[in-house]
Every structure is written in structure tokens, then in C-alpha cells.
Amino acid sequence: MLLPSLPTAARSRFAVATAFVVFAFASPVLAEPVDIRLASQGNEPLPVVVSPDASPRVRAAAETLASYLGRIGGASVRVTKGDGSKGVAVGLAEEFPEGPKAPWPEGDPKRREDYLLQSHAEGLWAIGATELAVEHAVWDLLYRLGHRQFFPGETWEVVPHEPELLIAVDVHERPDYLARRIWYGFGPWDYAEEPYEAWNARNRCTSGIELRTGHAYDGIIDRNREAFEAHPEYLGLVDGERKSSKLCISNPDLRQLVLEDALAQFEKDPEGDSVSIDPSDGPGWCECESCRAMGSVSDRAVTLMNEVAEAVNAEKPGRLVGMYAYSAHSPPPTIRVHPQGVISVATAFIRGGYDADDLMAGWNRQGATLGLREYLSVTTWDRDLPGRSRGSDLDYVTESIPRFHRQGARFYSAESSDNWGPNGLGYYLAARMLWDVEEAQNREALVEDFLSKAFGDAKEPMAEFYRLIDGADEPLLSDHLIGRMYRLLDEAYAETADFAVHRRLDDLALYTRYVELWFDYDSAKGDERQAPFEAMIRHVYRMRKTMMVHAKALYRDVVRRDKAVSTPKDAEWDVPEGKNPWKSDDPFSREELDALRAGGIERRKERGFEPVAFGTKLLPVPKEAMPEVPTGSVGLYSRSERTYWTFVEDPTVPVRLTVTAGRIYQDRGDATASLLPADGESPDPIATAAIPPDGEPREIAFSAPQRGLYRVVVADGGAGTVTEWPAGQRMTIRSDLEERASFHGRWTLYFFVPSGTAFVGGYADGEGELQDADGKTVRRFDGPPDYFRVAVEPSQAGRLWKFERCTGSRLLMTVPPYLARSPEELLLPEAIVEKIGN
């Protein structure tokens, strides 16, 4: 069944031209396709033709095509029965003997989604290997004719009008990823299920092979409760007790039970493609001597998986056994993986010091067929806010999908949310690229097509709107961001009178209002949180059918995690309308929507300045040019990665720091501290030290090759690390929009305000004070996260300022964004230092 790789070059794909659109994506052309007129004013359009033997599903696909061709062309299109030689033939390849010979092998599961679109002098063939492939052919044909389903729901569907409907096409399509799932972590609410499924179908975001990979041990235990009660030794031994949801894999009787359970699942579902043998979530791996002797946790999990795969394929050849590379069993095993074993590598919750690319390579070396367990959006991580998720990061979506495919991934499953406000464009691009990874090269054309078709004359302000919320730029939640979103939507309204466009802008205005209400709720403290929480939830429910935010997840989950707020019994998420005072289905009126937008513009002010660029060629500040001041302090705790800047005057004196790793997690591998060139052009470190994640401080000493500026990067895979620098040793931290720093506990750091500076502008998230060069407090930070702007008196310019006893982060945008504990540790851009020296 599986699985030589499917190189893109093995497919043939053509550009398509119609009378009303020329939309060409890079595709190898094998022959000159024939022009065929599907509809023309004053003439009867071509009928859609099905075989007399067509199944109900194929007939439904044909009816769908006929309906949309009628809407596009403006004339009713008939569905007739015939041999397909004339008209638009829709069906399975074998149903049309007069049609083109199918270029796919019969019965090959990995070719279930293959289809042909081929125009000829009398019509067009839209034929597939399976019913699913026929549906793909229909929606692809409509896409080529200008139809789009950008987001779920009627509002985000685009159906063009073109009475003169001409097309030339000759393509054989099949997907690069055999399974393509973008699924909701909390599931769709009742209103969202049908539009979500329709979006998947219309964007070919489906699965030709159903790969089961979810956590399976709990289900095995539940299905075999009597056996486990009779044999407690089947369960993992933890702290001397057989109580874990993990299994004692070294027990041969347990392994026999698991493979019999797998076979029983196929007996219940004879057409099933796969069974999962993934371990249960969480800790609790068996501690018995026999299991320990089997090797690593991954070795144990693979041993069980291999035996199941062997037994299953002895009886049902070609079936797959799925498992994640996740948590404790994410590191690659030391043993081979059965050829029918599919390992879906998780891109988060990874252990052992690996990243997803390492895992792809390591599992591939052991023979595993690869899939991907992605996290495009997790509601508890991003709460549907702008730019907080991978799904909103268009750079990540565009780069990662082709990269993982090159590494061998052929199955893709992404946890996501029903949050099309912040992530819809990313989800749409992902669907296009999962079918054809070469679409990543056409990202700009795809985005332009989205903006033009969804927003028409309003595309320019909407292009800026989507740039503003792109996760690649990590937008900062603030009055400025919210105000800018409202203003761009307002500009877009003014650019068009198109009712369909206004409906889409209304959805995004309601989304922006959600962001505003969340900001108010999240910024409130103590008892003051309840009222904005209620206002936010009421709005979320009322706007839920836009599917701009994941209403089900927000309504259910936020209150569970915030003990400062509560939901009355009669207002809980599952209490229906009519009985629930928080739930209203009242539609938003035109006046209400306009007032909402205008009010947002009035309430939320933009920051009032643009960031200034300063160089990264840094030098020490002349000691005689700076005053003597009390040394500041900062808790240099970090997770994932932090960069420090240092300057070496004497290469014979090493750069010293102390690093303590593993403050939170001890299973993510060693932390590293690396000395790198300052220019960032060379990825290779000059020197690297590994720090075991055991909570013990380690002193690191780096020898620099020559005098000059260097970077020290401390990375730990999110395990939690504390870095300490000796007092007086030059150590500067950059903190601006490009390199954002947040600090642990209370901290006091200095920065420099150059001569001629009109105001200090930046972003603050946390409490504390900003003091001028004379120690006068010029700004107190005690409100919500936001941009700040403080005027600089001429006498205070060209001097050292200070953030005093602050928490959280400060980003500097109109002065050099470099913070240090003292003047002797501070490094500044070369041009600034030269002026100080003069």
C-alpha cells in the first residue's frame, strides 16, 4: 500500500484561461488543451453528463456542478445520462469507456484522489479514481472558473458571473499529502459543522487515506476492561503500583491482547485503512525491570506497534498502523519501524532536545513512513487573537508545508480552531499548499487573488489589514493595533458599495470588536474582570455564526482557567437560548455595525509615531562620557532562546557567564550557550557549551578570536534557563519590535536617549516607572499593555535614562533599543557612540 514518495514532477498540471480570468499557477504543460465553450449568451449551455450507472454520490456531484455552472453562466444547466462523449462528463473513469484512459492504477489506496480534467471538441471530461476524486474534479473545475470558498459559510463564498464561459484544460491531479486535515480542537458547534465540512470539500482538504493516530491506550483498556481487571500486570508499574494508563509492553500476553484488539477493530470496520497504537497522553511509563530492559520509551512503543503491524498485515495486507512522535516517545527509536507504520511527528511537546526537523530525519532513518501532527491554532495558547498562532503566520505556513514534504511527510493533521478572523487566510493557503506544495511559490498570487475576489475595490486597505494581523510580524495587542484594525475596515467600507464585500467586512468588524473586548477583559484585575468577561462572552455568542472566533471553545474554556471570573448556572455554555440570559441571536443591524466601527475608532487611539531604525554595529560607551549611577538588576530567566550582546576588548580575557538549565523541564535535552559573530551572517558558532538540564549552575567561559562585538545565544527548547553575568562584564540586551525582550521579576535597566530626540516611544507590558536622566519619574506603567510616548526636554537628551523596578517587557522604538545594568555594560550603535565621544 505505501509509500514511495510522490514527486511533484510525476503529476501534470496546466494553467487555465477563461473568457473572464487568466489565473496561471506554475504547472508543467504536456500538450495544448482544447478550448471548449461551456456557456454562451443566446445558446443552450453544455449539459452535465453522468453514466446510467452513476452512484448517488456521483450524481450529487454532477448536480452541484450543474447548479454552479448555471449560477456562473446565468442559464439553467441540465444533468443528463450518456456516454460522456458530448457535454461535461462527471463520474468514475470506468463509467465512461469512450473517455480518456485513466493514468492511475486501479485499487491503489494512495491514488484514490487522482482525477482528470480534459477539454475536447465536444465537451469536457471530469473523471476520478473514486467518488471522492470526482468531487475534487468538480470543485477544481469550478475553481478554475473563478469560484472560491475562502472561509466557511455563504458570506465567504465567491461565485462569479460570466455568460461567456470558455475553458481550455488538460490536467491530471493528485495530492502531495495523502491526508490533509485542519480540524477544530474543541470541535465545531452545531451551526459550524456543515459549513466547515463544505469548506474542506471545496478546497480538497480531505483524506484519501484515513490515518488514525490519536492516543489509543485508554481505548484499548476500555474495550478490554475485564481482561485488564483480571490481569492488573498488563498496566504500567509506577511507584510500585499497577495503576498507569500506559501498558507493560514487555508482557507478551499484553502484546497479544493489543494485536487482537487491533484485528477486532478491522473486523468492525473491514474497509478501514488504519488503526492507532499511539500511547496514552501524559506520564506513567512502566518502571518494571523488563520494560526498562527493552530500551527507550520510543523503543517500547515501536516494539508494540511493529508487532501489531505485522499481525494486521498478515491478515489484512496494506493496512496502516499509526502513532505519534510526541512527548516521551518523540525521540527516534534505536530499532526499525515496520514499513506499514506511520509516525506523525508532533511539532510541539517534543522531548530529548530535538526539534521537528531532527525528529523527521531520525524516524525516517529507522524506516518510518512520516506524517505531521501540527498545531496551527490551540485555543488555550492564542485565544483567537491577532498573530498569536502558527495559522496566522503566513511565512510559517508557506515555508513549513513544502519543507516537511521534502523530508518525507505524506500525512498532515493540524489542530486548529473555528477562528477564521485571525487565521482564515492561513488555513486557506495551507489547503492549497497541502494539495500541491508548489503553490507555496505562488503565495503572492494566491493572496492577491484572495484580496481581489473577497474585497474588490477595497483590496488595498484589506491588504494592509491582513499584513497587520500576520503572525509573522507578531502584532502587539494594544489600543494601537485595535484602532488600526477598525480604521482599515472603515477605509475599506468607503472604497466599495458591494453588498457581498460589506458582509465580509462586517464579519471582520465583529472580530475586531471581540479583540477589543478580550483586551479589556484581559487587562482588568481582580473583581474588575467579571464585567468585561461577561461582555466578551455575550459578544462571542452573538457573533458565533460568523465563525470568526471559536465561540464554543471560548465560552467553555476561559472560565475554567480564570478563577477571577464565573458563569452563572443559567448562563453556562450548554444552557440553550431562551433559558440563558447571556445568549442572544439578535442580528447585528446596519446601524449597530456602523456605530461599533465608529466607536472603536474613537475609543482606540493609534500610537502616534513610527519606529526608527538603529544600527546593530555596537560599540562600548566611553566611560568618561557617562555618569556614575547605581547598578541596575535583572532576572535573566528565559525559555526557548535569548540573545545577549557583548564586546571583547582583550581576547585573552574570556567571556564568562553562569547558566542553570532545566528549571521547568528536565526532559528536553541540554541547553546550549553559544558565542557567535555579531553580524549574524554566519550560522556557525565560534564556540558552544552544553548545559545539562539538572538545575545546577554551570560556569561557561568563551574565548573570542579577536577584539570586537559578539552575540551570546542561550537556547533550551523551552525548558527554562537562568543566565547570570558577572557585574561589570559588558552585557546588553536588545529590545524592540524585531528582538523582543521580557524579563523575570522586577528589573531596573538603563538606556540612552540621543541628542535631538523629541520623545521616547515604545511599548510597555507590565508595571514600573520610566525615569529621565535626573531620576525624575516621567511615566508610570500600571495600565494595560500599550504603546507609550514621553516627551524629551532638551536638557534630558544625550543622556542616560532608566526603567525603574519594572515587570514584563519594554520595547524601545524611537531611541536605540539597547538595555543594560550600567553604563559600563551598555553597548550602543557606532554612530551614536561617535557623537557621544565628540
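Please refer to the structure placed before this passage.
Structural notes, computed from the coordinates. (Residues numbered from 1 in each chain as written. Predicted model: local features only at pLDDT ≥ 70, side-chain atom pairs only at ≥ 80, totals over all residues. Heavy atoms only, no water.)

Let's shift gears to the overall build of the protein. Counting secondary structure elements, the protein contains 20 helices and 39 strands. Taking 2.2 N^0.38 as the reference for a compact globule, 838 residues should give roughly 28 Å; the C-alpha atoms of the protein span a radius of gyration of 30 Å, in line with that estimate. For the C-alpha atoms alone, the extent of the protein along its principal axes is close to 95 × 75 × 60 Å. Counting only residues that meet the buried cut, the protein has 59% of its 838 residues in that class. Put simply, of all contacts in the protein between residues at least 6 apart along the chain, 77% involve residues at least 24 apart. For the protein, the exposed surface amounts to about 33900 Å²; the carbon and sulfur share of it is 47%. (Helix = DSSP H or I, 4+ residues; strand = E, 2+ residues; numbered from the N terminus. Rg over C-alpha atoms; globule rule 2.2 N^0.38 Å. Buried < 20%, exposed > 50% of the residue type's maximum accessible area, 1.4 Å probe, protein only. Contact = heavy atoms within 4.5 Å. Areas by Shrake-Rupley, 256 points an atom, 1.4 Å probe, with all protein chains shown as cover.)

Now for the pattern of salt bridges. With the rule as written, the count across this model stands at 67 salt bridges. Of the charged contacts, one joins Arg225 and Asp222 as a salt bridge, the two residues approaching to 2.6 Å between their closest N and O atoms. Look at Arg225 and you get partly exposed, because its relative accessible area is 38%. The network of salt bridges with common partners includes Asp479, Arg513, Glu516, Asp520, Arg603 and Arg604. (Salt bridge = Lys/Arg side-chain N within 4 Å of Asp/Glu carboxyl O.)

A contiguous patch of negative charge on the surface is contributed by Asp457, Glu460, Glu491, Glu495 and Asp498. Relative to the helices and strands, Glu460 resides in helix α14 (residues 459–468). (Patch = residues over 30% accessible without salt bridge, like charges linked within 9 Å, V, L, I, M, F, W, Y side chains within 5 Å. Lys, Arg positive; Asp, Glu negative; His and termini not counted. Charge placed at Lys NZ, Arg CZ, Asp CG, Glu CD.)

Moving on: the sheet that holds strand β6 (residues 87–92). Pairing is mixed across the open sheet formed by six strands, whose spatial order is β5-β4-β6-β8-β7-β12. Sheet topology places β5 (79–81) and β12 (170–173) at the edges, where each strand pairs with a single neighbour. Averaged over all pairs of adjacent strands, the angle between their axes in this sheet comes to 20°, without regard to strand direction. As defined by bridge partners, β6 adjoins strand β8 (residues 123–128) across six bridges and the pair is classed as parallel. Bridging across to β8, Gly91 finds its partner in Ile127. (Pairing = 2+ DSSP bridges. Axes fitted to C-alpha atoms, helices over the stretch in contact; angles between N-to-C directions.)

Along α14, the positions that sit buried rather than exposed are Pro461, Met462, Ala463, Phe465, Tyr466 and Leu468. Against α12 (420–435), α13 (443–455), α15 (479–495) and α16 (499–523) lie the buried residues of α14.

Let us look at the packing of aromatic side chains. Tallied over the full model, the rule gives 45 aromatic pairs. Measuring from ring centre to ring centre gives 5.9 Å for Tyr115 and Trp435, while their planes differ by 35°; the resulting arrangement is tilted. Here Tyr115 is found in strand β7 (residues 115–120), whereas its partner Trp435 is found in helix α12, with 320 residues between them in sequence. Both residues of the pair, Tyr115 and Trp435, count as buried. Seen from the ring of Tyr665, Arg351 lies directly overhead, with NZ or CZ sitting 5.7 Å from the centre. Sitting over the ring of Tyr665, Arg668 keeps its end group 3.9 Å from the ring centre. (Phe/Tyr/Trp six-rings, centres within 6.5 Å; stacked < 30°, edge-to-face > 60°. Lys NZ or Arg CZ within 6 Å of the ring centre and 35° of its normal.)

With that settled, consider the packing of helix α6 (residues 252–268) against helix α8 (residues 297–315). Between α6 and α8, the least distance of the axes is 9 Å, while the angle of their chain directions is 45°. As far as their axial angle goes, α8 and α6 are oblique. By crossing handedness, the relation of α6 to α8 is classed as right-handed. Of the residues in α8, those in contact with Arg255, Val258, Leu259, Ala262, Leu263 and Phe266 of α6 are Leu304, Glu307, Val308, Ala311, Val312 and Glu315. (Parallel < 35°, antiparallel > 145°, perpendicular 65-115°, else oblique. Left-handed = near helix turned anticlockwise from the far one by under 90°.)

Considering all chains together, one arrives at six cavities of 30 Å³ or more under this definition. Here the second largest cavity is characterised by a volume of approximately 70 Å³. As for the second largest cavity, its lining consists of Trp139, Asp140, Tyr143, His147, Arg148, Gln149, Arg202, Asn203, Arg204 and Arg432. Elements with a minimum of two residues in the lining of the second largest cavity: α2 (131–144) and β9 (148–149). The greatest single-element share of the lining of the second largest cavity, amounting to three residues, is contributed by α2. (1 Å grid on protein atoms, 1.4 Å probe; cavity = no way out; pocket = protein on both sides within 12 Å on 5 of 7 lines; lining within 4 Å. Points joined across faces, edges and corners; volume = space filled by probe spheres on them.)

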